[in-house]
Amino acid sequence: MKITKVTKVYRPMRKFGNLIKDLFMPKQSDHFWIRVKEIAKTKKEKEEQIFAIIEVLNNRINVDEIQK
């Protein structure tokens, strides 16, 4: 494949388009977003945030048990 300046610009914009699509059309997407605080005042608060994130992920992610 010939690499040109157009493809170098096109591919990052394609990824950005996928992110926008995930945000604005969540029913059609296989991905989801979580908003997380960056700063915790104490170590206990940080651990609580981590456990809350893990709980959200466990509730949201479905596993297909179909194995061949």
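A brief report on the enclosed structure follows.

Rules used throughout
- Residues numbered from 1 in each chain as written.
- Predicted model: local features only at pLDDT ≥ 70, side-chain atom pairs only at ≥ 80, totals over all residues.
- Heavy atoms only, no water.
- Helix = DSSP H or I, 4+ residues; strand = E, 2+ residues; numbered from the N terminus.
- Buried < 20%, exposed > 50% of the residue type's maximum accessible area, 1.4 Å probe, protein only.
- Areas by Shrake-Rupley, 256 points an atom, 1.4 Å probe, with all protein chains shown as cover.
- Salt bridge = Lys/Arg side-chain N within 4 Å of Asp/Glu carboxyl O.
- Phe/Tyr/Trp six-rings, centres within 6.5 Å; stacked < 30°, edge-to-face > 60°.
- Lys NZ or Arg CZ within 6 Å of the ring centre and 35° of its normal.

## A word on the overall build of the protein
Across its full length, the protein carries two helices and zero strands. Taking all 68 residues of the protein together, the buried fraction comes to 4%. In the structure as shown, the protein presents an accessible area of about 7,400 Å², 58% of it carried by carbon and sulfur atoms.

## Side note on the pattern of salt bridges
Side chains that differ in sign of charge can pair as their charged atoms come close. Considering all chains together, one arrives at one salt bridge under this definition. Put simply, E45 and K37 hold a salt bridge, and the shortest N to O gap is 3.4 Å. Assessed through its relative accessible area of 54%, K37 is described here as exposed.

## Describing the environment of V56
As for its placement among the helices and strands, V56 is situated in helix α2 (residues 43-60). Residue classification places V56 among the partly exposed residues on the basis of a relative accessible area of 36%. The spacing of V56 and I34 is 22 residues in sequence and 8.7 Å in space, taken between C-alpha atoms.

## Some details on the packing of aromatic side chains
Given two aromatic rings, one states the distance between the centres and the angle between the planes to describe the pair. By the definition in use, this model includes zero aromatic pairs. In this structure, R60 is placed above the aromatic ring of F32, and the distance from its NZ or CZ to the ring centre is 4.1 Å.

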